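# Structural overview
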Amino acid sequence: MLRYITAGESHGKALVAILEGCPANLLLSPEDINSDLARRQAGYGRGPRMKIETDKAEIISGVRKGKTIGSPIAIMLPNKSTELFNTPFTQLRPGHADLAGSIKYNQKDARNILERASARETAGRVAAGAVCRKFLSEFKIKIESRTVSIGGVLSAGMWEKMIDEAREKGDSLGGIFEVAVTGAPIGLGSYVQWDARLDGDLARAVMAIPGVKGVEIGLGFGAAAIPGSKAHDEIFYDKQKGFYHKTNNAGGLEGGISNGEPIIIKAVMKPISTLRTPLQSVDLATKAPSAAHVERSDVCAVEAAGVVGEAVIAFETARAFLNKFGGDSLEEVSSNYTSYLKQASVL
Ligand code: EPS
């Protein structure tokens, strides 16, 4: 079973990701992970922290002589910026976990909430996802993302100006990003049980990215406004291509199973919650009205969220792939996959 967890605080010593269940004999170097980490740090609207950090993966375990050996892969990402770790605050930031987290964990210093709730944790997800991406690339499965809109505007030419304006006002902007998986075979996921449906796993993984408030697969909410005759993708067959569709409103998933078309997922990221011009709030210590805590942050991180989306989708796709073709070495998985493809092509 493929699984991962992360640990670490935003301004603590380091972030850590542990990925377990990756087959042995996959070539893996820190560079395979670092390129995704660098992309996560980029994008117009990122905050000053991104100039301080250059996230670099230290592979602590699970790899020997440049190849995975089947044991858990632990990846450490040391933090350079640790100076805020001991700075307390009690002015709760609306939109963040500060209020609910302080009550839930019985904390008097909201720093204890901010540190783990910060979206910096997503660097760990990107590290684990990069290993999954490398694994999927062995089977020619690719995962890419793009920003669809910022602040409700589709035209990319407007975005930098809008982000500059938001920055000047001490405000922030959200947007929509899209992730596409290409090359996935027919047959990942299943309809036989609710928790076997791949669309459910993908939606949950994307919804669990900090700031994400909505997820769509394929046509998504657009399907509400059109009849079935226009919503569904007609099926064709060609000797070379096999079964295929000319449209992809289903976003590559039917009955919770990949149908051979690109898997397309869109998500909306709300505007970053930490605002330089703070909203009205309450002080956790005094219960008196107070402006929210102001801390260094991003103005817009939609592009970065797309990279995180790629990572969490890489993990879910790799997990579904291993559930179907699982083996302890890359060779075993490859032989299972090849034999399935042969079986599927005679159908
Ligand atoms: C982030 C690191 C954080 C924030 C940002 C994401 O670093 P710092 O708080 O030291 O500036 O820039 O966090 C948030 C936007 C958030 O809401 O938590 C990162 O590495 O992605």
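Just above, that's the structure.
Right, let's walk through the structure included here. In this text, all values refer to a predicted model and were calculated from it rather than measured experimentally.

Pairing between the strands of a sheet is mediated by backbone hydrogen bonds and can be parallel or antiparallel. Taken in spatial order, the four strands of this open sheet run β1-β2-β6-β3, and their pairing is antiparallel. Edge positions in the sheet fall to β1 (3–7) and β3 (58–61), since each of these pairs with one other strand and no more. Recorded for the sheet is a direction-independent mean angle of 20 degrees between the axes of neighbouring strands. Note that β1 and strand β2 (residues 14–20) share five bridges and pair antiparallel. For T6, the partnering residue across the bridge sits in β2 and is A17.

This part is about unusual backbone geometry. Its identity as a non-glycine residue notwithstanding, N106 has a phi of 55 degrees, on the positive side. Residue K287 is not a glycine yet carries a positive backbone phi of 65 degrees. On the secondary structure map, K287 appears in the loop between β15 (280–282) and β16 (289–291).

The next thing to look at is the nonpolar core. When a protein is soluble and globular, its nonpolar side chains tend to lie buried together. Ranked by internal contacts, the top residues of the largest apolar core, which has 68 residues, are V131, F135, F177, V206, I313 and F321. For this core, the element with the most residues is helix α9 (residues 302–325), which contributes 14 residues. Listed in part, the five residues of the second largest apolar core include F89, L92, A110 and L114.

This part takes up the site of the ligand. Neighbouring the ligand are 13 residues; H11, R40, R49, H96 and R296 lie closest to it. Interatomic distance of 2.7 Å between a side-chain N/O atom of R40 and an oxygen atom of the ligand. In the model, an oxygen atom of the ligand is placed 3.2 Å from a nitrogen or oxygen of the R46 side chain. Coverage of the ligand by the protein chains reaches 94% of its 470 Å² of free accessible surface. Residue composition of the shell around the ligand, grouped by class: three nonpolar, four polar and six charged.

Scoring rules and cut-offs
- Residues numbered from 1 in each chain as written.
- Predicted model: local features only at pLDDT ≥ 70, side-chain atom pairs only at ≥ 80, totals over all residues.
- Heavy atoms only, no water.
- Pairing = 2+ DSSP bridges.
- Helix = DSSP H or I, 4+ residues; strand = E, 2+ residues; numbered from the N terminus.
- Axes fitted to C-alpha atoms, helices over the stretch in contact; angles between N-to-C directions.
- Core = buried A, V, L, I, M, F, W, Y, C linked by side-chain atoms within 4.5 Å.
- Buried < 20%, exposed > 50% of the residue type's maximum accessible area, 1.4 Å probe, protein only.
- Near = heavy atom within 4 Å.
- Polar contact = N/O pair within 3.5 Å; in protein donor to acceptor, adjacent residues only side chain to side chain.
- Areas by Shrake-Rupley, 256 points an atom, 1.4 Å probe, with all protein chains shown as cover.
- Nonpolar A, V, L, I, M, F, W, Y, C, P; charged D, E, K, R; others polar.

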